[in-house]
Amino acid sequence: MDTVALLLTLRLALVTTGILMVLAVPLAYWLAFTGSRAKVFVQAVCALPIVLPPTVLGFYLLVALGPRTAFGRVLTHLLGHPLAFSFAGLVVGSVIYSLPFAVQPLAAGFAAVDRSMLDAAATLGSGRCDRMLRVVLPLSRGSLVTASVLSFAHTVGEFGVVLMIGGNLPGATRTLSIALYDQVQDFQYAQANRTALFLLGICLVALMLLYSRRPARNARSGDLV
Amino acid sequence: MSDTPSPNPPNRPWLTVHIEHRFHHGGAGFHLHLAFAARAQRTVVFGPSGSGKSSLLRAIAGLLKPELATIQLHGVIVCNTMHGSQPRIFLPAEKRRVGLVMQDPAVFPHLTAAGNVAFALRGTEPSAQKKKVARLLEVVEAETLAERWPRQLSGGQLQRVAIARTLAANPSILLLDEPFAALDAQSRQRISQNLHQWARQRGVPVLTVTHNLEEAFVAGDEVLTLEEGRIMAQGAPEHVLSQERERLLQVLGAVPPPGPVAIPRREK
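Residues numbered from 1 in each chain as written. Chains lettered and ligands numbered in written order. Predicted model: local features only at pLDDT ≥ 70, side-chain atom pairs only at ≥ 80, totals over all residues.

1. A look at the overall build of chain A
Each helix and strand counted, chain A has 11 helices and 0 strands in total. Helices and strands appear in chain A in the N-to-C order α-α-α-α-α-α-α-α-α-α-α. Across its three principal directions, the C-alpha atoms of chain A cover 65 × 45 × 25 Å. Taken over 225 residues, chain A has a buried fraction of 40%. Of the contacts formed within chain A by residues at least 6 apart in sequence, a portion of 73% connects residues at least 24 apart. (Helix = DSSP H or I, 4+ residues; strand = E, 2+ residues; numbered from the N terminus. Buried ≥ 20, exposed ≤ 12 C-beta atoms within 10 Å, placed from the backbone. Contact = placed C-beta atoms within 7 Å.)

Now the structure itself:
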């Protein structure tokens with residue numbers, strides 16, 4: 001198996017999951033509790049990567065991050081190199097592509113927290129951020145695990161976005177799923193089989209990890225969801 | 001938060017409320033339309049289920065934003081959403097210093113009883129925090145429950161923890177929504193006394209809502225009767241009772257007995 005591609009894939013999945021947890025928690029909190037009219041639009045934008053062909057997303061990211069846009073030029077100037085066809089570019093693409101897999105379980109978990117808990121915390125002087133940190137997050141630990149595992153597994157399995165934005169540079173942007181594609185193109189079926197089995201195993205283990213967790217119990221009964 | 005509530009000169013209301021709010025539940029609407037000023041240290045709002053008692057408390061606490069309202073706590077406007085009023089004010093619940101104990105104790109399941117009581121004491125020095133938690137658990141006779149998790153507590157014990165937790169936040173007023181409902185009669189009396197004593201010692205006024213006639217007339221220096229979102233009467237318990245006797249009995253579904261009504265003995 002291509003160990004360089006394996007390590008790159010794992011690094012990409014870990015970095016992406018870490019960034020997603022930081023970004024998705026406040027976004028999901030806003031989605032779960034806002035009364036804003038913009039909610040539907042933001043929800044739809046967050047869910048777009050589920051239905052959008054990955055190549056479409058990859059294409060627009062390639063354009064946005066490249067020298068054709070002012071944003072891309074500023075970014076290239078700041079970093080000293082173009083973001084496209086680099087590991088950082090892959091991370092940006094992966095974060096956007098896996099966003100719904102982090103935001104949706106979190107938003108559902110946050111929305112399921114008993115409102116009376118939040119009301120009680122508010123009357124005890126706890127502000128919005130404090131309520132998120134001290135009430136909502138501890139009561140949504142199950143959703144945090146789900147969001148992390150799904151984000152990780154989904155990033156491991158990316159293909160279209162990674163190929164569009166990262167190209168296929170060994171050691172820099174060639175992930176396992178692209179290595180598998182190359183192996184098939186080169187008729188190296190034994191190697192391709194090992195890579196495919198490994199990817200299959202990672203995804204299966206991730207899902208088994210999710211489903212083996214204790215079933216959620218009602219927060220009011222005193223246990224954590 | 002300061003340790004002492006705002007001083008409240010006698011006869012100056014510690015709470016003035018004017019609320020107009022329409023709830024839409026499916027096709028049927030409910031209109032909360034009331035105005036009153038509370039001066040007595042222990043004020044009780046008595047009314048049947050569905051009369052708007054809990055909504056009134058939620059509005060005072062800042063958990064409900066009424067369509068039109070002016071609410072003042074200790075002379076400070078915390079809500080002003082009246083037409084044409086400037087500036088429009090809505091102080092969020094976390095900034096009102098209003099202690100609210102609901103019938104649903106909403107004890108945090110991820111914290112022990114002591115952890116719940118200490119929730120509002122963040123930033124307090126640990127040994128002082130521990131002492132305060134222990135003292136407040138004593139007020140509600142729950143000192144032995146400190147290390148228990150909410151799932152290990154009965155309904156009555158959860159309510160005690162919720163009361164202690166509210167007191168820990170050092171509220172400037174206390175709102176009680178049938179907080180003793182899950183307690184047996186003896187515990188109810190003792191904890192109610194402890195709670196009112198705690199409040200009296202600190203000059204914290206208490207507004208209790210109840211549908212229990214006896215509780216209304218025992219635990220209130222002043223009673224308001226609420227029906228279908230409107231205040232029907234306000235005054236000293238005996239005065240309200242005699243004035244509203246027939247109507248109250250009708251609310252309770254009883255036939256008015258001949259002669260004077262026996263007034264329950266007041267708690268001193």
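2. Some words on the nonpolar core
Within the largest apolar cluster, 129 residues are counted, with the highest numbers of intra-cluster contacts made by Ala28(A), Ile60(B), Val117(B), Val161(B), Ala164(B) and Leu175(B). The biggest single contributor to this core is helix 5 (residues 87–111) of chain A, with 13 residues. When near neighbours in sequence (up to four residues on either side) are disregarded, Ala28(A) contacts Val103(A), Leu106(A), Ala107(A) and Phe110(A). (Core = buried A, V, L, I, M, F, W, Y, C linked by C-beta atoms within 7 Å.)

3. Observations concerning the interface of chain B and chain A
Taken together, the contacts link 21 residues of chain B with 20 residues of chain A. At 3 residues, the largest contribution of residues to the side of chain B that touches chain A is made by strand 7 (residues 98–101) of chain B. For the side of chain B that touches chain A, the per-class residue count stands at 15 nonpolar, 2 polar and 4 charged. (Nonpolar A, V, L, I, M, F, W, Y, C, P; charged D, E, K, R; others polar.)

4. Concerning the confidence of the model for chain B
All names here are of chain B. Looking at chain B as a whole, the pLDDT averages 85, with 85% of positions reaching at least 70. Contacts of residues 1–5 to residues separated by more than four positions or lying in other chains number 8 contacts, the stretch itself having pLDDT below 50. Interface predicted TM-score (ipTM) for the complex: 0.85; the corresponding pTM is 0.82. (pLDDT = per-residue confidence, 0-100.)

5. Details of helix 8 (residues 141–156) of chain A
Turn by turn, an α-helix covers 3.6 residues, leaving residues three or four places apart pointing in a common direction. Residues and elements named next belong to chain A. Here helix 8 spans 23 Å end to end across 16 residues, near enough to the 22 Å set by a 1.5 Å rise per residue. Turning to helix 8, its buried residues number three or more, namely Ser 143, Thr 146, Ala 147, Ser 148, Leu 150, Ser 151, Phe 152, Ala 153, His 154, Thr 155 and Val 156. Tucked inside the fold, the buried residues of helix 8 contact helix 1 (3–33), helix 5 and helix 11 (189–211). (Expected span 1.5 Å × (residues − 1).)

6. Considerations on unusual backbone geometry
Residues and elements named next belong to chain B. You will see that Asn 170, though not glycine, has its phi angle at about 55°, which is positive. Of note, the phi angle at Glu 228 is positive, near 50°, even though the residue is not glycine. Here Glu 228 is to be found in the loop between strand 10 (222–227) and strand 11 (230–235).

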